[in-house]
Amino acid sequence: MSTTTDSTWTIEAVRALGLTTDVETAGAILGIGRSKAYALAKRGQFPVRVLRVGRNYVVPVPAILELLGIRAVT
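Residues numbered from 1 in each chain as written. Predicted model: local features only at pLDDT ≥ 70, side-chain atom pairs only at ≥ 80, totals over all residues. Heavy atoms only, no water.

Trainee: Would you mind going over the side chain of Thr21 in detail, with residue names and values included?
Mentor: Within the secondary structure layout, Thr21 lies in strand β1 (residues 20-22). Accessibility expressed as a relative area gives 10% for Thr21, which makes it buried. Every residue in contact with Thr21, bar those within four places of it in the chain, is listed here: Ala26, Tyr57, Val58, Val59, Val61 and Ile64. (Helix = DSSP H or I, 4+ residues; strand = E, 2+ residues; numbered from the N terminus. Buried < 20%, exposed > 50% of the residue type's maximum accessible area, 1.4 Å probe, protein only. Contact = heavy atoms within 4.5 Å.)

Trainee: Which residues make up the packing of helix α2 (residues 23-30) against helix α3 (residues 34-43), and what are the values?
Mentor: It is the contact of α2 with α3, at a shortest axis distance of 9 Å, that shows an interaxial angle of 115°. Taken together, the axes of α2 and α3 are roughly perpendicular relative to one another. Considering only the axes of α2 and α3, their crossing is right-handed. In this structure, α2 contributes Val23, Glu24 and Gly27 to the contact, and α3 contributes Arg34, Ala37, Tyr38 and Ala41. Counted by class, the contact of α2 with α3 contains 4 nonpolar, 1 polar and 2 charged residues. (Axes fitted to C-alpha atoms, helices over the stretch in contact; angles between N-to-C directions. Parallel < 35°, antiparallel > 145°, perpendicular 65-115°, else oblique. Left-handed = near helix turned anticlockwise from the far one by under 90°. Nonpolar A, V, L, I, M, F, W, Y, C, P; charged D, E, K, R; others polar.)

Trainee: Got a sec to walk through the pairing of strand β3 (residues 56-60)? Specific residues and values, please.
Mentor: The two faces of the sheet receive side chains in turn, since in a regular strand these alternate between them. Counting buried positions along β3 yields 4 of 5 residues, so the element is predominantly enclosed. The sheet contact formed by β1 and β3 spans 3 bridges and is antiparallel. In the strand pairing of β3, Thr21 is matched with Val59. Remark: 2 residues form the turn of the hairpin made by strand β2 (residues 51-53) and β3, two consecutive strands paired antiparallel; Gly54 in that turn has positive phi of roughly 65°. (Pairing = 2+ DSSP bridges.)

Below you can see the structure in the form of C-alpha cells.
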C-alpha cells in the first residue's frame, strides 16, 4: 500500500508513515520495484531489516531513514 503516487519521496513523507510500512512502500522509497522488493524480502536480502508478521512483511521506518543517512527523530 503506497501512500503516495508521486515518484519522489520526501523526508517528511517517509517520517509521516509512522513506525512501520509495507515492503512495497519501502521499496518505492528506496527505488526498488514491487516484485523485486518482495523477492529480496523473501530471500532475506532487502536493504533494511524486514519483519515477518504472519503472511505479511513489515519494514521499520527508522531503518529506512538510517539507510538514507537521515536521523529518525528530529
